[in-house]
Protein chains: 2
Amino acid sequence: MVKTRGPYARTETRRREIAEATLAIVTERGHKAVTALEVAEKAGLSEPGVLYHFPTKESLLIAALELFDDLEIDPLENGGAYAEAGRQAHDGVRRTNFVRLYSEMSGEAPNPQHPAHDFFRQRWERSNAVLADDLRRLRDAGLVQPDLDLDATARRIHAAWEGLQLQWLVSPKFDIRADLEQVMSSLTGLDPAQAARLLARAQGARISVT
Amino acid sequence: MVKTRGPYARTETRRREIAEATLAIVTERGHKAVTALEVAEKAGLSEPGVLYHFPTKESLLIAALELFDDLEIDPLENGGAYAEAGRQAHDGVRRTNFVRLYSEMSGEAPNPQHPAHDFFRQRWERSNAVLADDLRRLRDAGLVQPDLDLDATARRIHAAWEGLQLQWLVSPKFDIRADLEQVMSSLTGLDPAQAARLLARAQGARISVT
């Protein structure tokens, strides 16, 4: 990330602190407990200071979702999105308070007047792109079919993930990791559990050959 | 359906009329427009009469979702769930007002205190069972692998459907029918567009043989 100085950098730092405090409250007590006052106390700021940066509860909650994604999606931008999806799905549904916020906000996303609309549009574009990039690596290594539609496959995998998550949260009677990995294997022909290992081997082989 | 008489039948009739009025308002003006008074006027009842049967706005909205499912899922209970899913997904996302209600309520489903929780638990159990039954027909006709896990496949298909619907509603840049049918083909090995035709042929062949 490019480092900036002066007022802009201070604003960014302040916004990040507020997002961290909001995410902490969501994680500990659930998103119903989020108020500007609670966030201000947690972040060591004044309530007007919080409201200056995030004038509504929705904007605070979106900031918490954005921060979570920065922590979760960023590390996968250089590989691992395909291999890690099942584990992420397994861990994700167990973060009860966070996933209830996620679910409630994603349910609002179809409403163009709600701030969740733009957030989820950008989120799915980004996460689909990260996964499509990872599938490209696997394709270039010869591990999936050369004619696989990378963007569509990424979208379908994330769609199954969203839907399995929702069903699991209502009725946790199945292994969400196994289910998601089965869908992924069916769509690509490649078992995600083997993807990381095969990719490392293929890249190692290429290095030793060239 | 078994016909009942007396007070119970009258209660059921009245509840159905209220559900129909609610669904009509949702379809015409969106679920934000639903109030007990609006529903009462539409159904030709008093507001207390509506509130007697449905004491909260959530219970009215759940009644509208239930009625919609009775109209949509029932006709598929004797076949066609697999063949029709793609068309239903295509039509479903275009019912803008209804699908926004559906999406918002499904987002609340993970919260066990919300009435959407029980509704969606039962809904997914029911629709998964209807689809698994249909897959059983296709399996018995030799059109899908004999070892296909019918219940898990039904759950995964509905999961992909939910997730594709959500992405489409936020960013309608893909053909949801094609996407869902591709996921279904990958999971079962059988193209849904061919399923109805092949099943009819297989059943015809069986009848002509025996």
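Keep in mind the model is a prediction, meaning the values are calculated, not measured. (Residues numbered from 1 in each chain as written. Chains lettered and ligands numbered in written order. Predicted model: local features only at pLDDT ≥ 70, side-chain atom pairs only at ≥ 80, totals over all residues. Heavy atoms only, no water.)

Undergrad: Give a detailed account of the nonpolar core, specifying residues and quantitative values.
TA: With 69 residues, the main nonpolar core has Tyr82(A), Leu138(A), Leu180(A), Tyr82(B), Leu138(B) and Leu180(B) as its most contacted residues. Those residues in contact with Leu138(B), other than ones at most four positions away along the chain, are Tyr82(B), Leu143(B), Val144(B), Leu190(B), Ala195(B) and Leu199(B). Listed in part, the 33 residues of the second largest apolar core include Ala21(A), Val39(A), Ala40(A) and Leu67(A). (Core = buried A, V, L, I, M, F, W, Y, C linked by side-chain atoms within 4.5 Å. Buried < 20%, exposed > 50% of the residue type's maximum accessible area, 1.4 Å probe, protein only. Contact = heavy atoms within 4.5 Å.)

Undergrad: Which residues make up the relation of the copies chain A and chain B, and what values go with them?
TA: For these two chains of identical sequence, chain A goes onto chain B by a turn of 180 degrees and a shift of 0.0 Å along the axis, with RMSD 0.0 Å. This pairing of chains is accounted for by a two-fold axis. Mapped onto chain B, 100% of the interface residues of chain A are again interface residues, and the two copies thus contact each other with one and the same surface. (Least-squares fit on C-alpha atoms with pLDDT ≥ 70 in both.)

Undergrad: Could you give me a rundown of the pattern of salt bridges, with the residues and numbers involved?
TA: Where charged atoms of side chains with opposite charge meet at close range, the side chains can pair. This model, assessed by the stated rule, comprises 38 salt bridges over all chains. Across the pair Arg136(A) and Asp133(A) runs a salt bridge whose closest N-O atoms are separated by 2.7 Å. In this pair, Arg136(A) and Asp133(A) are both assigned in helix α7 (residues 115–140), three residues apart and thus about one turn of the helix distant. With a relative accessible area of 31%, Arg136(A) lands in the partly exposed category. A salt bridge links Arg137(B) to Asp134(B), with the nearest nitrogen and oxygen atoms 2.9 Å apart. You can see Arg137(B) and its partner Asp134(B) sitting in helix α7 (residues 115–140), three residues apart, about one turn around the helix. On the basis of relative accessible area, Arg137(B) is assigned to the partly exposed category, the value being 25%. Among the charged side chains, a network of salt bridges with common partners joins Asp118(A), Arg121(A), Glu125(A) and Lys173(B). (Salt bridge = Lys/Arg side-chain N within 4 Å of Asp/Glu carboxyl O. Helix = DSSP H or I, 4+ residues; strand = E, 2+ residues; numbered from the N terminus.)

Undergrad: Account for the packing of helix α4 (residues 57–72) of chain B against α7(B), naming residues and giving values.
TA: Residue and element names in this part refer to chain B. Look at α4 against α7: their axes get within 10 Å of each other, and the N-to-C directions meet at 10 degrees. On the basis of their axis angle, the class for α4 and α7 is roughly parallel. Counted together, Glu58, Ile62, Leu65, Glu66, Asp69 and Asp70 of α4 and Pro115, Ala116, Phe119, Phe120, Arg123 and Arg126 of α7 form the full contact between these two elements. Tallied by class, the residues present in the contact of α4 with α7 amount to six nonpolar, no polar and six charged. (Axes fitted to C-alpha atoms, helices over the stretch in contact; angles between N-to-C directions. Parallel < 35°, antiparallel > 145°, perpendicular 65-115°, else oblique. Nonpolar A, V, L, I, M, F, W, Y, C, P; charged D, E, K, R; others polar.)

Undergrad: Please give an account of helix α9 (residues 176–188) of chain A that cites residues and values.
TA: Residue and element names in this part refer to chain A. Here α9 contains 13 residues, and its C-alpha end-to-end distance of 18 Å stays within 8% of the 18 Å for a straight helix at 1.5 Å per residue. Those residues of α9 that fall on the buried side of the exposure criterion are Ile176, Asp179, Leu180, Glu181, Val183, Met184, Ser185, Leu187 and Thr188. Structurally, the start of α9 carries an N-cap: the backbone nitrogen of Arg177 is 3.1 Å from a side-chain oxygen of Asp175. One or two residues past the end of α9 sits Gly189, with phi positive at roughly 80 degrees. (Expected span 1.5 Å × (residues − 1). Polar contact = N/O pair within 3.5 Å; in protein donor to acceptor, adjacent residues only side chain to side chain.)

Undergrad: Lay out the interface of chain A and chain B with the relevant residues and their values.
TA: Between chain A and chain B, the contact holds 37 residues from the first and 37 residues from the second. For the pairing of chain A and chain B, the buried interface totals around 3,200 Å² over both sides, and the portion due to carbon and sulfur atoms is 62%. On the chain A side of the contact with chain B, Pro110(A), Gln167(A) and Val170(A) bury the most area, a combined 20% of that side's loss. One can count six salt bridges joining chain A with chain B. With a shortest N-O distance of 2.9 Å, Arg155(B) and Asp179(A) are connected by a salt bridge. On inspection of chain A and its partner chain B, the count reaches 14 residue pairs in polar contact (both at pLDDT 80 or more). Secondary structure elements with two or more residues in the side of chain A that touches chain B: α6 (96–108), α7, α8 (150–170) and α9 of chain A. With 13 residues, α8(A) is the largest single contributor of residues to the side of chain A that touches chain B. (Buried area = accessible area lost by both parts, 1.4 Å probe.)

Undergrad: Tell me about the packing of helix α1 (residues 6–29) of chain B against α4(B), residues and numbers included.
TA: Residue and element names in this part refer to chain B. With their axes 8 Å apart at the nearest point, α1 and α4 run at an angle of 95 degrees to one another. Judged on the interaxial angle alone, α4 and α1 are roughly perpendicular. When α1 is examined against α4, the residues Arg16, Ile18, Ala19, Glu20, Thr22, Leu23 and Val26 are found in contact with a partner set consisting of Leu60, Leu61, Ala63, Ala64, Leu67, Phe68 and Leu71. Each residue belonging to the contact of α1 with α4 can be placed in one class, and the counts come to 11 nonpolar, one polar and two charged.

Undergrad: I'd like a rundown of the confidence of the model for chain A, residues and numbers included.
TA: With 95% of its residues at a pLDDT of 70 or more, chain A shows a mean pLDDT of 92. This complex was scored by the predictor with a pTM of 0.92 and an ipTM of 0.92. (pLDDT = per-residue confidence, 0-100.)

Undergrad: Kindly report on the environment of Asp133(B), identifying the contributing residues and their values.
TA: Residues and elements named next belong to chain B. Among the residues examined, Asp133 registers a relative accessible area of 36% and is labelled partly exposed. For the pair Asp133 and Lys32, spaced 101 residues apart in the sequence, the C-alpha separation amounts to 36 Å. Of note is the side chain of Asp133, whose polar atom sits 2.7 Å from the side chain of Arg136.

Undergrad: Would you mind going over α1(B) in detail, with residue names and values included?
TA: All names here are of chain B. Given a rise of 1.5 Å per residue, 24 residues ought to cover 34 Å, and the 35 Å separating the end C-alpha atoms of α1 matches this to within 8%. Listing the buried residues of α1 in full gives Ala9, Ile18, Ala19, Ala21, Thr22, Leu23, Ile25 and Val26. Where α1 is buried, its residues contact α2 (36–43), α3 (47–53), α4 and α6 (96–108). Following α1 by one or two positions, Gly30 has its phi on the positive side, about 95 degrees.

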